[in-house]
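# Geometric and topological summary
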Amino acid sequence: DEGRIEVNGQLVTEQGRRVDPERDVIRIDGSRLPPPRRHVYAMMNKPRGIVCTMDDPEGRRTITDFLGRYARERVYHVGRLDTDTEGMLLLTNDGDFAQAMTHPSYELTKTYVAEVEGFLDNATLKRLTKGVKLDDGWVNPDRVKLGPRTDTRTMVTIVLHEGRNRIVRRLFDAVGHPVRTLARVQMGPVKMGQLRSGEVRDLTREELGSLLDAAGL
């Protein structure tokens, strides 16, 4: 039983149908097959304390220090993470892809795991879920899920659509539970998984295909 192949939304039934992998949207059993790679699409687990730029005039360590062989490919980061935030960062040398990943109309969801100060109670959880007004407008999380809690700290997983500056930290400050540590663990449908701090790897075919779909490319 062969895989079902779709080209631009139509099931291919005849043999020898010509496709243009550069332009056509091809799926095998529903899974998007990205075009042949001329560019690099990679993921880094950015360590905490590393500046999210390619070079720093003050001489601090930047993500360039962790690129290894990817440095030759002239990749740059898609969006950014605060210096004191760790976790998933996309790297590419494809300008169209980078623009689509950060475009507000396709804004990818971003999933963070935060350790916040204090015992975050259920009333505060409800407030976070409903949305919180900051000085530059409302923040409406897609999802907030409590992890383990003690009297002094609470683990929280939060999913947001937007990427305003320091948004997660400002959100928890606003409800009286400052962030101690913060890690981004997922962007859109793609999870960082077991990538060690400071490591970089290529996106898999499935990951790249699902990101192209999520961004409407």
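Here the structure is a predicted model, which is why all the values come from computation and not from measurement. (Residues numbered from 1 in each chain as written. Predicted model: local features only at pLDDT ≥ 70, side-chain atom pairs only at ≥ 80, totals over all residues. Heavy atoms only, no water.)

Taken as a whole, this structure holds 16 salt bridges when the rule is applied. A salt bridge links Arg 69 to Asp 202; the shortest N-O distance between them is 3.9 Å. Taken together, the residues Arg 69 in the loop between β5 (41–46) and β6 (76–78) and Asp 202 in strand β15 (residues 200–202) connect sequence positions 133 residues apart. Of the residues examined, Arg 69 reaches a relative accessible area of 47% and is grouped as partly exposed. For Asp 202, a relative accessible area of 37% translates into the label partly exposed. The partner of Glu 115 in a salt bridge is Arg 180, and the shortest N-O contact between them spans 3.1 Å. Of this pair, Glu 115 sits in strand β8 (residues 110–117) while Arg 180 sits in strand β13 (residues 179–187); the two residues are 65 residues apart in sequence, bridging distant segments of the chain. (Salt bridge = Lys/Arg side-chain N within 4 Å of Asp/Glu carboxyl O. Helix = DSSP H or I, 4+ residues; strand = E, 2+ residues; numbered from the N terminus. Buried < 20%, exposed > 50% of the residue type's maximum accessible area, 1.4 Å probe, protein only.)

Before going further, it helps to spend a moment on the pairing of strand β7 (residues 86–92). Where burial is concerned, most of β7 is hidden: 6 out of the 7 residues are buried. The pairing of β5 with β7 spans 6 bridges and is antiparallel. Directly across from Met 43, in β7, lies its bridge partner Leu 90. Here β7 runs beside β13; their pairing, made up of 2 bridges, is parallel. The partner of Gly 87 across the bridge, within β13, is Arg 184. (Pairing = 2+ DSSP bridges.)

Taken residue by residue, helix α4 (residues 205–214) has Glu 207, Leu 208, Gly 209, Leu 211 and Leu 212 as its buried positions. Positive backbone phi, at 70°, marks Gly 216, one or two positions downstream of α4.

Assignment of secondary structure puts Thr 92 in strand β7. Residue classification places Thr 92 among the buried positions, given a relative accessible area of 0%. A polar contact of 2.7 Å, which involves the side chain of Thr 92, links it to the backbone oxygen of Val 40. A distance of 3.1 Å separates a polar side-chain atom of Thr 92 from the backbone nitrogen of Asp 94. Beyond its immediate stretch of four places on either side in the chain, Thr 92 contacts Val 40, Tyr 41, Arg 74, Val 75, Tyr 76, Val 78, Phe 97 and Ala 98. (Polar contact = N/O pair within 3.5 Å; in protein donor to acceptor, adjacent residues only side chain to side chain. Contact = heavy atoms within 4.5 Å.)

Turning our eyes to something else, we now look at the sheet that holds strand β1 (residues 5–7). Taken together, the 4 strands give an open sheet; going across it, the order is β2-β1-β3-β4, and neighbouring strands pair in antiparallel fashion. Strands with a single pairing partner mark the edges of an open sheet, and in this sheet they are β2 (10–11) and β4 (31–33). Lying over the sheet, α4 contacts β3 (26–28) and β4, oriented at roughly 95° with respect to β4. (Axes fitted to C-alpha atoms, helices over the stretch in contact; angles between N-to-C directions.)

Turning to the side chain of Asp 82, a few remarks are in order. Along the polypeptide, Asp 82 turns up in the loop between β6 and β7. If we ignore the near neighbours within four places in the chain, the residues touching Asp 82 are Lys 46, Asn 165, Arg 166 and Arg 169.

These results come straight from atomic positions and should not be treated as a statement about function.
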